[in-house]
Structures are given as structure tokens and as C-alpha cells.
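In case you want the letters, here they are:
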Amino acid sequence: FPTRRSSDLDCGIFLCHWKSNATLGKALNADTDLDILVDIKRKSNLEEVFKEIGAVKFEAIPQKRYKNIDDWLCIDDESGKLIHFHTHYALDVGEKLIKSYKLPYAQEILQSRQKHPDHDFWVISPEWELLLLILRSALRIPPLYSYKIRNQLPKIGKDTAIEFEWLKNRISKNKLNKILRDHYHTELRECIQDIINKGILPSTIEKLNKSLRSSMQNCRNSNSIYVFGQLITRRILIRIKSILFKF
């Protein structure tokens, strides 16, 4: 695939690469995974295209499997590299191993997609990508997790910080403000603007998480207690499997 750009893969299928576009070149060179958001109504069409290029659907272990995300693997004939596609049919985000939030912006993001400035590939707009990066960082904090008890704030990865600055330099403030006005109340808008102005910091992300918990309950797939229990169970099972694998 990466020799077949997204315009070729599109074939009437509405899709775009929706995160980590700062390093899209690495993904197109099969040095990292491709995360593609796809219109759910075109799922069967995309699967036919994958089969045509020799891709195989891969089932992750149950503890690392998500309802609206498929994994496809393909060998690039020219380089011999393994290409890993994550096909997202919804914007499922949240805690690692769980992703308990389904954000309702997929169609709007696909409608506003654009070509990457350096690659012939459909990507999410920088305004939406920056907003989702912020939301994903905040919603990744597990429920019932007290940073006051642990005496530490959530960690912000180096790659996330670099991606944040890359996107911040590419957005239109007017377009971003319109998205915020269309979707969020004043408190949430102020939290998000605070992050954009001050940077994606542990303190600002924790503050946004507290506001999102109450504001986005309608986007939750499960309640906090169930999610917390599932998170602990999955971590234990993954740990047991890793120990057994050594033997």
C-alpha cells in the first residue's frame, strides 16, 4: 500500500488518516501503523479493497480488542515491510485497553478532511486533530483514579507534546473556535482554550478530565465502576499471559 495513496484506496470510500499526521511520512513508509477513520457504511467496500491488495484481517487478543477497530496486515512488495492498518469505524477513545467513550464527530471530520501538505493522502483537518489529541489525552485518565492520593499528575508523553506543538502551528483559530462553539458549553471551551494557550500540561489535562466526566456522560459506553473493573481484569489477564508465554 503506501505506493497506493489514499486517493487510490478511496475508490468511493470516505476515509482519512485521523491522528499522528505529524509523522505520516513514517506511516506511509511502513515504519509505524496507519490509523484510518472510515465511514461505517463503506466497511464492506473497504474490506474488498484490502483483499484486492493482499491484506489479511488480524484478530488481536480479546484483552486488546476494540469493538469498532479492525486490524489489517499487508506485505509491501517493493520493500518487504509489514504494513499495519488500524481501521476505525467510530471515534472510540478513552482509557488504555478499554476506550469507553464514543465521540460523535466521525461524519463531521470526514466531511472536512483535506489533503496532507506533504503527502498525497487524505487526513483530518488540523483543527479537529488538535481537539481530538486534547480530548484523547484527558479521557485516557482511568475512572476512579485519584491523583491526590497518588500525589502525582497524569503524564504527558514526549510524542504527544511534539504532536501538540506541530498541530498548534497549523490550525486556523477561527475554524477551531467555531468547532468549540458548535459542540461545547462555556466551561469546556475555557478548559480547552487554556490548554491551547498554556500547553498540553498535566495540570490542564487533569482539569479538563474533571469537566469532561460530567459533560460527556452521553458518550460513555459503560459506567465508571464497570470500566474500572474491566481495566483491572484486562491488565491482570495480559500479565498472566505474558508470564505463561515465557514458559
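Up top you'll find the structure we're talking about.
Residues numbered from 1 in each chain as written. Predicted model: local features only at pLDDT ≥ 70, side-chain atom pairs only at ≥ 80, totals over all residues. Heavy atoms only, no water.

## Some remarks on the overall build of the chain
Then, number 1: The secondary structure content of the chain amounts to 11 helices and 9 strands.
Then, number 2: Taking all 247 residues of the chain together, the buried fraction comes to 47%. (Helix = DSSP H or I, 4+ residues; strand = E, 2+ residues; numbered from the N terminus. Buried < 20%, exposed > 50% of the residue type's maximum accessible area, 1.4 Å probe, protein only.)

## A few points about helix H5 (residues 126-139)
Then, number 1: Counted at 1.5 Å a residue, the expected span for H5 with its 14 residues is 20 Å, and the 20 Å between its end C-alpha atoms agrees.
Then, number 2: Burial runs high along H5: 14 of the 14 residues are buried. (Expected span 1.5 Å × (residues − 1).)

## So, the nonpolar core
Then, number 1: By size, the foremost hydrophobic cluster in this structure holds 40 residues, and its most contacted members are Leu91, Leu103, Tyr105, Ile109, Leu131, Leu132 and Leu208.
Then, number 2: Counting residues per element, the ones that place at least two in this core are strand S6 (91-93), strand S7 (101-103), helix H4 (106-111), H5, helix H7 (158-168), helix H8 (173-183), helix H9 (186-198) and helix H10 (202-215).
Then, number 3: A total of 9 residues in this core trace back to one element, the largest contributor, which is H5.
Then, number 4: Leave out the neighbours within four places in its chain, and Ile109 touches Cys16, Leu37, Leu91, Ile124, Trp128 and Leu132. (Core = buried A, V, L, I, M, F, W, Y, C linked by side-chain atoms within 4.5 Å. Contact = heavy atoms within 4.5 Å.)

## Description of the side chain of Glu47
Then, number 1: You can see Glu47 is positioned in helix H3 (residues 43-52).
Then, number 2: Given a relative accessible area of 17%, Glu47 falls into the buried group.
Then, number 3: Excluding anything up to four places from it in sequence, Glu47 contacts Lys57, Asp70 and Trp72.

## Section: the packing of aromatic side chains
Then, number 1: Considering all chains together, one arrives at 4 aromatic pairs under this definition.
Then, number 2: Relative to Trp128, the ring of Tyr105 lies with its centre 5.0 Å away and its plane at 40°, an arrangement referred to as tilted. Within this pair, whereas Tyr105 is found in the loop between S7 and H4, its partner Trp128 is found in helix H5, the two being separated by 23 residues in sequence. For the pair Tyr105 and Trp128, one class covers both residues: buried.
Then, number 3: An angle of 80° between the planes, with centres 6.3 Å apart, marks the rings of Tyr105 and Tyr184 as edge-to-face. (Phe/Tyr/Trp six-rings, centres within 6.5 Å; stacked < 30°, edge-to-face > 60°.)

## Focus on the environment of Asp120
Then, number 1: Relative to the assigned elements, Asp120 resides in the loop between strand S8 (114-115) and strand S9 (122-123).
Then, number 2: For Asp120, a relative accessible area of 36% translates into the label partly exposed.
Then, number 3: Polar contacts involving the side chain of Asp120 include one to the side chain of Lys115, which spans 2.6 Å. (Polar contact = N/O pair within 3.5 Å; in protein donor to acceptor, adjacent residues only side chain to side chain.)

## A few points about the packing of H5 against H9
Then, number 1: Their axes nearest at 11 Å, the elements H5 and H9 cross at an angle of 105°. Classified by the interaxial angle, the pair formed by H5 and H9 is roughly perpendicular. On H9, the residues that touch Leu130, Leu131 and Ile134 of H5 are Ile192, Ile195 and Ile196.
Then, number 2: Residue classes in the contact of H5 with H9 are distributed as 6 nonpolar, no polar and no charged. (Axes fitted to C-alpha atoms, helices over the stretch in contact; angles between N-to-C directions. Parallel < 35°, antiparallel > 145°, perpendicular 65-115°, else oblique. Nonpolar A, V, L, I, M, F, W, Y, C, P; charged D, E, K, R; others polar.)

## Here we look at the pattern of salt bridges
Then, number 1: Counted by the stated rule, this structure contains 9 salt bridges.
Then, number 2: For Asp39, the salt bridge is made with Lys41, and the minimal N-O distance between the two is 3.5 Å.
Then, number 3: Relative accessible area serves as the criterion here: at 7%, Asp39 is assigned to the buried category.
Then, number 4: Under the relative-accessibility criterion, Lys41 is labelled exposed at 58%.
Then, number 5: The partner of Lys57 in a salt bridge is Asp70, and the shortest N-O contact between them spans 3.6 Å. Here Lys57, found in strand S3 (residues 56-58), pairs with Asp70, found in strand S4 (residues 69-75); they are 13 residues apart in sequence, far enough to count as distant.
Then, number 6: We classify Lys57 as partly exposed; its relative accessible area is 38%.
Then, number 7: One salt-bridge network, in which partners are shared between bridges, spans Lys43, Glu47, Lys57 and Asp70. (Salt bridge = Lys/Arg side-chain N within 4 Å of Asp/Glu carboxyl O.)

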